[in-house]
Amino acid sequence: MPLIENNEYDTPGADYFVKKRIDALMRLDPDIDSIILGCTHYPLLLDKILKHTPRGVRIIPQGEYVAESLKDYLARHPEIDSRCTKHGTCHYMTTENKDKFRESARIFMHEPVDVETITLG
């Protein structure tokens, strides 16, 4: 996560840390056949993860499964689907520094976002 939030996910250092983590995981159990990417940040590291994962180990990005599961759920529950807002707009609020939030959001959204700083209390 820090690699991504510090915009260092496409650096040689990122390769080093991804390889180090995957090697450590595979040492725990060399018979691992699937790895679930359970963090929303990991798809940004997918190319590096695939590069350093042994052949035959399946990589499962969680985003696709969450989206398909939600689609299936809403198809089975039209009463919930009908209550969902369609074609809405997003408003971003953060308790952290707006510039840092904008930079991180741009990585995921691939476009600039407006953001408002709020205080929780």
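Given the structure is predicted, the values throughout are model-derived calculations rather than measurements.

Engineer: Describe in detail the packing of aromatic side chains, supporting the description with residues and values.
Structural biologist: Applying the stated criterion across every chain yields a total of 2 aromatic pairs. Taken together, a centroid distance of 5.0 Å and an interplanar angle of 80 degrees make the contact between Y16 and F17 edge-to-face. Measuring from ring centre to ring centre gives 6.2 Å for Y92 and F101, while their planes differ by 50 degrees; the resulting arrangement is tilted.

Engineer: Run through the side chain of H41, naming residues and quoting values.
Structural biologist: Tracing the backbone through its elements, the reader meets H41 in the loop between β1 (34-37) and α3 (46-52). Given a relative accessible area of 10%, H41 falls into the buried group.

Engineer: Tell me about helix α6 (residues 98-109), and please be specific about residues and values.
Structural biologist: Taking 1.5 Å of rise per residue, 12 residues should cover 16 Å, and α6 covers 15 Å from first to last C-alpha, within 8% of that figure. Among the residues of α6, those classed as buried are F101, S104, A105 and I107. Burial along α6 is one-sided: seen end-on, the buried residues are contained in an arc of 150 degrees. Among the structural elements, α1 (2-5), β3 (92-94) and β4 (115-117) are those in contact with the buried residues of α6. The N-capping residue of α6, defined by a side-chain oxygen 2.8 Å from the backbone nitrogen of D99, is N97. Taken from the residues just after α6, H110 is the one with a positive phi, measuring 60 degrees.

Engineer: Go over the confidence of the model for the chain with me, naming the residues and quoting the values.
Structural biologist: When pLDDT is averaged along the chain, the result is 90, and 100% of the positions lie at 70 or above. Averaged pLDDT values for the elements of the chain fall to 79 in α1 and rise to 95 in helix α2 (residues 12-28).

Engineer: Could you give an account of the pairing of β1, naming the residues involved and the relevant values?
Structural biologist: Regular strands place side chains that alternate from one sheet face to the opposite one. Burial of the side chains of β1 is restricted to one face: I35 and L37 are buried, whereas none of S34 and I36 on the reverse face is. Bridging between β1 and strand β2 (residues 58-61) involves 4 bridges; their strand directions are parallel. Bridge pairing in β2 links I36 to I60. On the question of chirality, the crossover connecting β1 to the parallel β2 by way of α3 is right-handed.

Engineer: For unusual backbone geometry, give the residues involved together with the corresponding values.
Structural biologist: The phi angle at H87 is positive, at roughly 55 degrees, despite the residue not being glycine. Looking at where H87 falls in the secondary structure, it is placed in the loop between α5 (78-81) and β3. The phi dihedral of H110 is positive, around 60 degrees, even though this residue is not glycine. If you trace the backbone, H110 turns up in the loop between α6 and β4.

Thresholds applied
- Throughout this document, residue positions are counted from 1 along each chain, in the order its sequence is written.
- Reporting of local features is limited, given that this is a predicted model, to residues whose pLDDT is at least 70; pairs of side-chain atoms are given and counted only at 80 or more, and all residues count toward the totals for whole chains, interfaces and linings.
- No hydrogens and no water enter the side-chain calculation; it runs on all heavy atoms of the structure.
- Ring geometry is summarised as follows: Phe, Tyr and Trp rings, the Trp one being its six-membered ring, pair when their centres sit within 6.5 Å, and such pairs are stacked at plane angles under 30 degrees, edge-to-face over 60 and tilted between the two.
- Strands are runs of DSSP state E lasting at least two residues, helices are runs of H or I lasting at least four, and both sets are numbered from the N terminus onward.
- Only protein chains enter the accessibility calculation, which uses a 1.4 Å probe. A residue is then buried if its area is under 20% of the maximum for its type, exposed if over 50%, and partly exposed in between.
- Helix span is expected to be 1.5 Å times the residue number reduced by one.
- By definition, the arc is the one covered by directions from the helix axis to the C-beta atoms.
- Residues count as neighbours in contact if any of their non-hydrogen atoms are within 4.5 Å of one another.
- Residues adjacent in sequence count toward polar contacts only when both atoms are side-chain atoms; beyond that, a polar contact is any pair of N or O atoms within 3.5 Å, and within protein one must be able to donate a hydrogen and the other to accept it.
- As a per-residue measure, pLDDT tells how confident the predictor is, with possible values from 0 to 100.
- Two strands pair if DSSP finds at least two bridges between them.
- Seen with the strands pointing away from the viewer, any crossover whose path from the first strand over the helix to the second strand runs clockwise is right-handed.

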